[in-house]
Amino acid sequence: MRTIWAVAFATCLAIFLVCFTTPAQAQQKRREGLTLSEKVQQLTEMSAKRSILRFNGHKFKDFVRSTPRNYSMIVMFTALASQRQCVICRHAHDEFVIVANSFRYSQHHSNKMFFAMVDFDEGPDVFTSLNMNTAPVFMHFPAKGKPKHSDTMDIQRVGFAAESIAKWITERTDISIRVFRPPNYSGTVAVAMLFAFVAGFLYLKRNNLDFLYNKTLWAFAAIVFTLAMTSGQMWNHIRGPPFVHKTQSGGVAYIHGSSQGQLVLETYIIIILSAFSLTLDIIFLLLHVFRKAMLYQSLKLCFSFLQMQQSYLA
């Protein structure tokens, strides 16, 4: 009987130690933080699965903000959720992925630098701690010391193309990254289809090509091209801004609040205003020419009348 009680007591004691002692040790270890070797090992294992690590508030604190650390971190702060309507964040993320993959398969790849991303919906406390109220933002966290002002990439000045990001990383870390873009044949296919369409149209109209010498057609095409380029269509093609923007109060903004950007609807407004202004200019020019022509004809008639009168008197 004593043996049974002894076995039961030992079993209860073991269960108590497992349930209470292990969590206490784990909590104490979390308070102490990860060691440098543990950080590097975990980051290396995670980066082997994906080139860009997704951090929340806890992981950002463990691997980026806390010490010790002998590696640099290139972190992109973004907002990729569909309800955020940040189109530029998706384009910047695609370029960031190209840079991370290029570094992953380059000869300079090492565990001295890692790429990470913090989404606003996954780590809002990180944005608050950094006093960050915009996205996307690229920051470099050096192995030693705190980030400086130059450790934040100025995308308003240099853009966020993969080549620009790689150049900025080289300036901050002395690690050269050669960007390798995946082949994209969509542009080539589009040009080929457009060429085939134009060639087929010209072949069908080969017996009547007088429209190619139509000055009105070429003038209209030139005006449309000029209006499209001066209104900011190239900006829309490169940056991909949203059509409209929702304000914090829940309203809709049709004009971008900053001089560093514009919305798609704003581009259309500029086109309409430019076309209306050009139309008025042409009307006023024609009226001015018409008035000059009428004045010239009036003076010519008066001069002819005077000549007739002089010849009659003579």
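Residues numbered from 1 in each chain as written. Predicted model: local features only at pLDDT ≥ 70, side-chain atom pairs only at ≥ 80, totals over all residues. Heavy atoms only, no water.

## Section: the pattern of salt bridges
What counts, and what does not: Salt bridges are identified by distance alone: a Lys or Arg side-chain nitrogen within 4 Å of an Asp or Glu carboxyl oxygen. Between buried and exposed lies partly exposed: a residue is buried under 20% and exposed over 50% of the maximum accessible area for its type, with that area taken using a 1.4 Å probe on protein chains only.
A full pass over the atoms with the stated rule returns six salt bridges. Between R157 and D154 there is a salt bridge whose closest N-O contact spans 3.6 Å. Classification of R157 by relative accessible area gives exposed; the value is 66%. Residue classification places D154 among the partly exposed positions, given a relative accessible area of 35%.

## Some thoughts on the UniProt feature "transmembrane region" (unreviewed entry) in the protein chain
Spelled out, the test is: UniProt positions are given in the numbering used here, feature names are shortened, and annotations may be inferred rather than shown by experiment. Secondary structure follows DSSP: runs of H or I at least 4 residues long count as helices, runs of E at least 2 residues long count as strands, and numbering of each begins at the N terminus.
When the UniProt feature table is mapped onto this chain, "transmembrane region" (unreviewed entry) is found at residues 185-204, 216-235 and 268-290. Segment residues 216-235 splits into 95% helix and 0% strand. End C-alpha atoms: 29 Å apart. Measuring from the first to the last C-alpha atom of residues 268-290 gives 33 Å, for a span that is 100% helix and 0% strand.

## Structural notes on the sheet that holds strand β2 (residues 72-78)
For clarity, the cut-off: Only strands joined by at least two bridges in the DSSP assignment are considered to pair. Each axis is a line fitted through C-alpha atoms, and for a helix only the stretch in contact is used; angles between axes span 0 to 180 degrees, taken between their N-to-C directions. Residue contacts are defined here by distance: any two heavy atoms, one from each residue, within 4.5 Å place the two residues in contact.
The four strands are arranged β1-β3-β2-β4 in an open sheet whose pairing can be described as mixed. The strands lining the two open edges of the sheet, one partner per strand, are β1 (52-54) and β4 (137-141). Sheet twist, expressed as the average angle between the axes of neighbouring strands with direction ignored, equals 25 degrees. Examined bridge by bridge, β1 and strand β3 (residues 113-119) share three bridges and lie parallel to one another. Residue pairing for β3: I52 is matched across the bridge by F115. Contacts from helix α3 (residues 57-65) reach β1, β2, β3 and β4, with the element oriented near 150 degrees to β2. The strands that helix α7 (residues 162-173) touches are β2, β3 and β4; relative to β4, the one it contacts most, it runs at about 25 degrees.

## Looking at the side chain of S102
For clarity, the cut-off: Each polar contact in these results corresponds to two N or O atoms within 3.5 Å; when the atoms are within protein, one needs to be able to donate a hydrogen and the other to accept it, and residues that are neighboring in sequence are counted only if both atoms are side-chain atoms.
Note that S102 resides in helix α4 (residues 87-104). Reaching out from S102, the side chain makes a polar contact with the backbone oxygen of I98 at a distance of 2.7 Å. Among residues more than four places away in sequence, those in contact with S102 are I177, R178, V179 and F180.

## A few points about the confidence of the model for the protein chain
What counts, and what does not: Looking at any residue, its pLDDT shows the predictor's confidence there, from 0 to 100.
Per-residue confidence for the protein chain gives a mean pLDDT of 79, with 81% of residues at or over 70. The low-confidence segment residues 21-31 (pLDDT under 50) makes four contacts with residues lying over four places distant or belonging to another chain.

## What to know about the packing of aromatic side chains
Formally: Each Phe, Tyr or Trp ring, with Trp reduced to its six-membered ring, pairs with another whose centre is within 6.5 Å; inter-plane angles below 30 degrees give stacked pairs, above 60 give edge-to-face pairs, and intermediate values give tilted ones.
In the structure shown here, the tally under the stated rule is ten aromatic pairs. An aromatic cluster of three or more residues is present, and its members are F60, F77, F120, F127 and F141.

## Examining the environment of M132
Looking at where M132 falls in the secondary structure, it is placed in the loop between α5 (124-129) and β4. A relative accessible area of 14% places M132 in the buried class. Along the primary structure M132 and F77 are separated by 55 residues, whereas in three dimensions their C-alpha atoms are 9.0 Å apart. Beyond its immediate sequence surroundings of up to four residues, M132 is in contact with F77, F127, V137 and M139.

## Description of α3
Where we set the bar: To be clear, the arc concerns the directions from the helix axis to the C-beta atoms.
Taken as a whole, α3 has its buried residues at G57, F60, F63 and V64. Each buried residue of α3 lies within a common arc of 150 degrees when the element is viewed along its axis, so the set occupies one face. α3 presents H58 and K61 as exposed residues on the side facing more than 90 degrees away from its buried surface. On its buried face, α3 is in contact with α2 (36-49), β2, β3, α5 and β4. By the N-cap criterion, in which a side-chain oxygen at the helix start approaches the backbone nitrogen of a residue two or three places on, α3 is capped by N56, the distance to H58 being 3.3 Å.

## Points about the pairing of β2
Judged by how many residues are buried, β2 sits mostly within the fold: seven of seven residues are covered. In β2, alternate side chains face the same way, and those of S72, I74, M76 and T78 on one face and M73, V75 and F77 on the other are all buried. With seven bridges connecting them, β2 and β3 associate as parallel partners. Within the sheet, the bridge partner assigned to M76 lies in β3 and is M117. As judged from the five bridges shared by β2 and β4, these two strands associate in the antiparallel manner. Residue I74 lies in a different strand from β4, and its bridge partner there is H140.

## A closer look at the environment of G232
Within the element layout of this structure, G232 appears in the loop between α9 (215-231) and α10 (233-239). The spacing of G232 and Y268 is 36 residues in sequence and 9.2 Å in space, taken between C-alpha atoms. In contact with G232, not counting residues within four places along its chain, are Q262 and T267.

## Thoughts on the packing of α4 against α7
Rules: Any angle between 65 and 115 degrees counts as roughly perpendicular, while under 35 counts as roughly parallel, over 145 as roughly antiparallel, and the rest as oblique. Each crossing is labelled by how the near helix is turned from the far one, with a counterclockwise turn of less than a right angle marking it left-handed and a clockwise turn marking it right-handed.
At a minimum axis distance of 8 Å, the contact between α4 and α7 shows a crossing angle of 55 degrees. One finds that α4 runs oblique with respect to α7. Crossing hand, α4 versus α7: right-handed. Contacts between α4 and α7 involve E95, F96, I98 and V99 on the former and, on the latter, A162, I165, A166 and I169.

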